[in-house]
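Understanding the architecture of this molecule
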Amino acid sequence: MLEELYQYAVDHKLAARPGFKPKRPRGYFHLSAAGKFLDLEVREKDAEPVGAPDAGAAANGTRYCNPLIEKAGIVLCMVNDEKKDKNVPVKHDFFVSFFEEGRDAEPLFGIAADALHDSGRLEEMRNALMEKKLKPADPVGFAVDGQYLERSECYYEYWNQFRKRMQTASERKEERCLITGELAQPMATVPKVSGLMRVGGHTSGDAFLCFDKDAFQSYGLKQSANAVVSEAAMTAVNAALGELIGKADILAGAKMVHWYSGQVKAQEDMLSMLFGGNLVEGEEEEVSGRDEEREAFAAAQALIRSIREGKLAGKPDVLYYMMPLSGAGGRMMVRGWYEGSYEELYRNICLWFEDLRLILPGGQGMTRPPKLKALCLRMLKPGGGSKIWERVDRELSNLAQRVMYAAIHGSPLPDEAAYRVLQWLRAYFLADKEKRQGSGGYAENGVPKLTGQETLAYQFLKAWFRRKQRKEGGEEVMKEELNRQNRSAAYLCGRLMAVYSVIQEKAMPEVNVGIAERYYAAAMAGPGLVIGKLSQLSQYHLAKLERGLAVYYEKILTEIYQNMGEQEIPTMLTMMQQTEFALGYYQQKAEIYSGKEKTER
């Protein structure tokens, strides 16, 4: 993976200069050409990073700090706690010495050094920091006469020589770099990369290669001798990691870092579509902005149509790479490594979206391709607190990755995931109807106002069921919408449950706890113990309806019982059968609400 990351950095021209690192200063102290303090410019936290010198692990010690851009407390020598800030004066002196010694290479450095030597100007800058409500821990830099010092190129050679003096005195012989294969002086320690704080990363960043524990070392080798990398190559790898981590989606406590071996347009990025794609064929959305934005949107819609049809002209001839990353104790944890051809990935994502495709609850159109993250919510156990995403990270860190693996490889989904979704559905139907239907009540066409949570569960169950059947070599009978040719007893029982539920809803719309709330969970486990009772209740409910509507529902029930034939209504259902029951229920209700079945009859 190191070679692939290095190649990505080279292809995208990310190979930063050795000894430099992207930084996000929160402010700049502006000085005049005469060294007078003018103002403190405040930048947003998510402002574009700038390349600046980085001292690496040495900055975490007691003597050194990062030149040009460093914490305001060190830059301004702010000692608020004698114990905690005992190293601040030494680090401050080092920060100033870099300016002082570099005034020949970059004359503007001398102006900054003089300002920091002046106690009056130093106090002015401290006051400005408090007025602008920046903290001592916020990184800051300098601008002299309108020129930002880290952007100058005059000091590059000076910084290279300065860094060498910071390194250990013991000379290292050149060794073969693990990344490039070239002879080079190995790095003693590898600089850290930021961006993993939301998934357990450290505030100061996390190291991709680390050998600070005995368990990470072999044959008596210490630190980088266990995996020799040159500074130039590792700087490029870290630059690639920084960019990829920044734009990666989060799934179950990990950043889903991915890239391709060649050029792939943003609208052809199948993995981004898997984690967050929402466009569907025929969807009407207003797209404002520049012409290129509208063209990108149109191209993304075309890609979705090609997925639906299973064909894409001119697929990129590239490989995909993906590795979920999280932080642990200042080190990066690689939680998996996946690679393969774009052609294979495209084919499997097509299959994934096809397996998830399902009629909408109202029967008008098909569902949108859901985010993988949203599907994970349906696998959570009922209850457990309101911090939903923390629960996803804690409870599904392993299972979510197994689901993702199945999606990108076209393999069966884990049975554990289907069990969890069925468990969620039972709890969903046991909840109060008003909570399940969001705002409650019915739309103008008589369709319940649903929140969409229910649909995600059925989409996942359909995908799990189809892949299970595919693996076993059986006929794929589970379609996107109602399949009247499906003679499975479990599927037909689900259809019966749906019809009985709708009859009661039409006959007694004011009832808050109806047939679905009372009997769905029990019927899903063993319909033979429930269907007879529902059949009796339906006679009472049918009598309350207009005769034409009652006849309409009776004809549906007759057709379902005819399809059942001589099969007995099962008293216990397996997990596969429970899934059939659930989908039969969902698809039958969607068919009724669409009005299509009534028109046909």
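Residues numbered from 1 in each chain as written. Predicted model: local features only at pLDDT ≥ 70, side-chain atom pairs only at ≥ 80, totals over all residues. Heavy atoms only, no water.

When helices and strands are counted, the protein chain shows 22 helices and 14 strands. The buried share among the 601 residues of the protein chain stands at 51%. Total accessible area on the protein chain stands at roughly 28600 Å², and carbon and sulfur atoms take up 49% of it. (Helix = DSSP H or I, 4+ residues; strand = E, 2+ residues; numbered from the N terminus. Buried < 20%, exposed > 50% of the residue type's maximum accessible area, 1.4 Å probe, protein only. Areas by Shrake-Rupley, 256 points an atom, 1.4 Å probe, with all protein chains shown as cover.)

Further remarks concern the nonpolar core. Core analysis: the biggest nonpolar cluster contains 99 residues, and Trp352, Leu425, Tyr458 and Tyr520 have the highest contact counts within it. Looking at which element gives the most residues to this core, the answer is helix 17 (residues 489-507), with 13 residues. Setting aside its immediate chain neighbours within four residues, tryptophan 352 contacts Leu274, Leu372, Leu375, Val403, Ala407, Leu413 and Arg467. Leu40, Met78, Ala128 and Phe142 belong to the second largest nonpolar core, which has 42 residues in total. (Core = buried A, V, L, I, M, F, W, Y, C linked by side-chain atoms within 4.5 Å. Contact = heavy atoms within 4.5 Å.)

This brings us to the environment of phenylalanine 109. Position of phenylalanine 109 relative to the elements: it lies in helix 4 (residues 107-117). By relative accessible area, which is 0% here, phenylalanine 109 ends up buried. Considered as a pair, phenylalanine 109 and alanine 143 are 34 residues apart in the sequence and their alpha carbons are 9.8 Å apart.

Let's shift gears to the environment of tyrosine 593. Of note, tyrosine 593 is situated in helix 21 (residues 575-594). Its relative accessible area of 10% is what places tyrosine 593 among the buried residues. A polar contact is formed between the side chain of tyrosine 593 and the side chain of glutamate 505, at a distance of 2.7 Å. (Polar contact = N/O pair within 3.5 Å; in protein donor to acceptor, adjacent residues only side chain to side chain.)

Looking now at the side chain of glutamate 454. Within the secondary structure, glutamate 454 sits in helix 16 (residues 453-472). Those residues within four positions of glutamate 454 in sequence are excluded, and the remaining contacts are Trp424, Tyr428, Phe429 and Tyr585.

On average, the protein chain scores 84 in pLDDT, and the residues at 70 or more come to 86%. Across residues 277-290 the pLDDT falls below 50, and counting only partners more than four positions away or on other chains, this stretch makes 29 contacts in the model. Contacts of residues 438-451 to residues separated by more than four positions or lying in other chains number 25 contacts, the stretch itself having pLDDT below 50. (pLDDT = per-residue confidence, 0-100.)

The subject of this paragraph is the pairing of strand 13 (residues 331-334). Across four bridges, the pairing between strand 12 (residues 319-328) and strand 13 is antiparallel. Note on strand 13: the bridge partner recorded for alanine 328 is arginine 331. The turn linking strand 12 back onto strand 13 is made up of two residues, and glycine 329 within it adopts a positive phi angle of 60°. (Pairing = 2+ DSSP bridges.)

The next point concerns the pairing of strand 6 (residues 139-144). For a regular strand, the rule is simple: side chains alternate between the two faces of the sheet. Within strand 6, five of the six residues are buried, which leaves the element mostly enclosed by the surrounding structure. The pairing of strand 2 (residues 27-31) with strand 6 spans five bridges and is classified as parallel. Residue pairing across strands places histidine 30 opposite alanine 143, the latter belonging to strand 6. Sheet topology note: the strand 5 (residues 70-71)/strand 6 ladder contains two bridges and is antiparallel. Looking at strand 6, one finds that lysine 71 is bridged to proline 139. Pairing geometry for strand 6 and strand 7 (residues 147-148), over two bridges, is antiparallel. Paired with valine 144 across the bridge in strand 7 is glutamine 147. Hairpin remark: strand 6 followed by strand 7, antiparallel, with two residues in the connecting loop; positive phi at aspartate 145, about 55°.

What follows deals with unusual backbone geometry. Positive phi is not limited to glycine here, since lysine 133 has a value of about 60°. Position of lysine 133 among the secondary structure elements: in the loop between helix 5 (119-131) and strand 6. Here aspartate 145, not a glycine, exhibits a phi torsion of approximately 55°, which is positive.

So, on to the packing of aromatic side chains. All chains considered together, the criterion is met by 32 aromatic pairs. Summarising the aromatic geometry, the rings of phenylalanine 98 and phenylalanine 162 are spaced 5.1 Å apart at their centres and angled 90° between planes, so their arrangement reads as edge-to-face. Highlighted residues: phenylalanine 98 in helix 3 (residues 88-101) and phenylalanine 162 in helix 6 (residues 156-166), separated in sequence by 64 residues. For phenylalanine 162, a relative accessible area of 3% translates into the label buried. Over the ring of tryptophan 389 we find lysine 373, and its NZ or CZ is 4.5 Å from the ring centre. (Phe/Tyr/Trp six-rings, centres within 6.5 Å; stacked < 30°, edge-to-face > 60°. Lys NZ or Arg CZ within 6 Å of the ring centre and 35° of its normal.)

You can see alanine 543 is positioned in the loop between helix 19 (531-542) and helix 20 (547-564). A sequence separation of 36 residues divides alanine 543 from alanine 507, and the C-alpha atoms of the two residues are 8.4 Å apart.

Across the interface, helix 19 lies against helix 20 with an axial gap of 11 Å and an inter-helix angle of 160°. As judged from the angle between their axes, helix 19 and helix 20 are roughly antiparallel. Regarding helix 19 and helix 20, the two cross each other, and that crossing is left-handed. Across from Ile531, Ser535 and Leu542 in helix 19, the residues of helix 20 making contact are Ala550, Tyr553, Glu554 and Tyr561. Here the residues of the contact of helix 19 with helix 20 sort into five nonpolar, one polar and one charged. (Axes fitted to C-alpha atoms, helices over the stretch in contact; angles between N-to-C directions. Parallel < 35°, antiparallel > 145°, perpendicular 65-115°, else oblique. Left-handed = near helix turned anticlockwise from the far one by under 90°. Nonpolar A, V, L, I, M, F, W, Y, C, P; charged D, E, K, R; others polar.)

Interaxial distance between helix 17 and helix 20 falls to 10 Å at its minimum, and their mutual angle equals 165°. For the element pair helix 17 / helix 20, the angle class is roughly antiparallel. Between helix 17 and helix 20 the crossing geometry is left-handed. Residues Ala489, Leu492, Cys493, Arg495, Leu496, Val499, Tyr500, Val502, Ile503 and Lys506 of helix 17 form the contact with helix 20, whose own contacting residues are Tyr553, Ile556, Leu557, Glu559, Ile560, Tyr561, Asn563 and Met564. Class assignment of the residues belonging to the contact of helix 17 with helix 20 gives a composition of 14 nonpolar, one polar and three charged.

On to helix 10 (residues 342-356). Between the first and last C-alpha of helix 10 there are 21 Å, a value that for 15 residues agrees with the 21 Å anticipated at 1.5 Å per step. The element helix 10 is extensively covered by neighbouring structure, given that 11 of its 15 residues are classed as buried. The complete set of buried residues in helix 10 reads Tyr342, Leu345, Tyr346, Asn348, Ile349, Cys350, Trp352, Phe353, Glu354, Asp355 and Leu356. (Expected span 1.5 Å × (residues − 1).)

A word on helix 3. Note: α-helices contain 3.6 residues per turn, so residues at a spacing of three or four share the same orientation. When the terminal C-alpha atoms of helix 3 are compared, their 20 Å separation across 14 residues agrees well with the 20 Å that a helix rising 1.5 Å per residue should span. Inspection of helix 3 places Val88, Lys91, His92, Phe94, Phe95, Val96, Phe98 and Phe99 among the buried residues, and these make up the whole buried set. Those residues of helix 3 that are buried are in contact with strand 5, helix 2 (72-75), helix 4, strand 6 and helix 6.

All right, on to the pattern of salt bridges then. A full pass over the atoms with the stated rule returns 20 salt bridges. Two residues, arginine 165 and glutamate 101, come together in a salt bridge whose shortest N-O distance is 2.6 Å. You can see arginine 165 sitting in helix 6 and its partner glutamate 101 sitting in helix 3, a full 64 residues away along the chain. Classification of arginine 165 by relative accessible area gives exposed; the value is 51%. By relative accessible area, which is 43% here, glutamate 101 ends up partly exposed. Two residues, arginine 420 and glutamate 416, come together in a salt bridge whose shortest N-O distance is 3.5 Å. Of this pair, arginine 420 and glutamate 416 both sit in helix 14 (residues 415-430), separated by four residues, roughly a single helical turn. Residues joined in a network through salt bridges with shared partners are Asp355, Arg466, Arg467 and Arg470. (Salt bridge = Lys/Arg side-chain N within 4 Å of Asp/Glu carboxyl O.)

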